[in-house]
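The residues making up each chain are set out below.
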Amino acid sequence: MSRIKKTNKISFLVLVPFIAFIVLLSAGGVYTYVTLSKDIRSMQIGMLEANLKSTGDIIQQKRISLQTACRMLNDEYDALYDAVANADTSKVRDELTWSVKTCQALGYIFTDMGGTVISSTYPSVNPSKLSEIVRHVEDKGVVSSCGDFIGDVICDYTATVVRNNEQTPIGVAFLIGYIANSRPSVEAASQQLGLDAFIFQGDRCVITSLDGVDPSSIRMDDEVFSASYTGKRPWIGVSRMLGHRVYLATAPLVDYTGQCLGVIMLRGDSTTTDHIMADLQLFLPVVLAIFLVIFVLLGRRLHHRVLKPLKKLIEDVNVIATGDLTRSVNPGEACEEIAALADSVLQMEAKIRQVIKPVLDTTQALINSANQLSGASESLSNAANRQAASL
């Protein structure tokens, strides 16, 4: 019985590092993909946050401009007061039109303290909603907010109480900053920010900057709807739109009572992100395939240069072990270590032949001597038999 302790086959021992390398490479590829996905997501969300803040800054700057125009109305109350007192609507219009041009507003509405419209650039005004806002403005003095008192549009306005020299209120002036749910406003926001813009009322889109897309086909995700209409807070993240997962940022349009009238939505440019992720998804399998091919080629070379010659060498040594010293050890093409081992076996075989040859020669001589003695004995036996017969 062999006293040599056997371990795993050499093929397994050699392949283990390669298998471990492939596993580690695959794990590294998955980790890289996940990490890049998170980084790209953070980058897109950061860009949307910046654009949403920029939108808020633009609205705030517009409101400041409208408030400045409202203060100018109070500074020039004499002409406006005279026009109101004399029911001179054309004079009222001229005074307010000048304020509109000064602050680059879209239009104006001027009411008495009861909410009755005296002069307006908008023919369709909801008197009940306007009256409620007038009472609120009378309490606050100046109000900047969103409202839906002009037809079916959502507007951003600044309203102020206009007083005479005795500080008696003579009316309320509304300066309209922008109409949120209008195509020009949405297109302007889209061009300025470089993003697709949408206006939602409820969960249905009413205006979009996208050409050739029916706004009514665009719906708001439940999570976004809850954050905007229930939570009345901005929302930034990934959601589904038109069958695709996209980066979105939303800002609710809230009136002075805290009611959400609609939602401004900005969609991030996912084209670059999609290309990066598509390239990454293509790159990783290609790299893994290349390493797999290298692994197969190395395995074939290992089999041809190590395992196959080693197997042939083992067969030759087993034949020599049976006593056949005529067998020539020839492992064929092999690596240096296997070739060196084969040379050592050849030298061992030659040494054994050198040691055994004298023994064989002596043995042959003894056999020859034995044969000669046997022949001599047979001759003596025959001679004795003949002698006995002659007697």
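Scope of this entry: the structure provided in the associated data block.

Definitions and cut-offs
- Residues numbered from 1 in each chain as written.
- Predicted model: local features only at pLDDT ≥ 70, side-chain atom pairs only at ≥ 80, totals over all residues.
- Heavy atoms only, no water.
- Helix = DSSP H or I, 4+ residues; strand = E, 2+ residues; numbered from the N terminus.
- Buried < 20%, exposed > 50% of the residue type's maximum accessible area, 1.4 Å probe, protein only.
- Contact = heavy atoms within 4.5 Å.
- Areas by Shrake-Rupley, 256 points an atom, 1.4 Å probe, with all protein chains shown as cover.
- Polar contact = N/O pair within 3.5 Å; in protein donor to acceptor, adjacent residues only side chain to side chain.
- Salt bridge = Lys/Arg side-chain N within 4 Å of Asp/Glu carboxyl O.
- Expected span 1.5 Å × (residues − 1).

A few words on the overall build of the protein. Broken down by element type, the protein carries eight helices and 10 strands. The 391 residues of the protein split such that 35% are buried. For the protein, contacts bridging at least 24 residues in sequence account for 54% of all contacts bridging at least 6. Split by element, the accessible area of the protein, about 23200 Å² in all, is 57% carbon and sulfur.

Tracing the sequence through the fold places Ser-145 in strand S3 (residues 142-150). Relative accessible area serves as the criterion here: at 5%, Ser-145 is assigned to the buried category. For Ser-145, the side chain forms a polar contact with the main-chain oxygen of Val-254, separated by 3.5 Å. Within the local environment of Ser-145, its side chain forms a polar contact with the backbone nitrogen of Tyr-256, the two atoms lying 3.1 Å apart.

Take the pattern of salt bridges next. Oppositely charged side chains are able to pair whenever their charged atoms sit close together. Enumeration over the complete set of coordinates arrives at two salt bridges. Here Lys-129 and Asp-148 are joined by a salt bridge, their closest N and O atoms 3.0 Å apart. Taken as a pair, Lys-129 in helix H4 (residues 127-140) and Asp-148 in strand S3 lie far apart in primary sequence, 19 residues in all. By relative accessible area, Lys-129 is classed as partly exposed at 32%.

What follows deals with H4. Taking 1.5 Å as the rise per residue, H4 with 14 residues should run 20 Å; its terminal C-alpha atoms sit 20 Å apart, in good agreement. Among the structural elements, strand S1 (107-111), strand S2 (117-120), S3, strand S4 (153-163) and strand S5 (169-179) are those in contact with the buried residues of H4. Downstream of H4 by a residue or two, Gly-141 has a phi angle that is positive, lying close to 95°.

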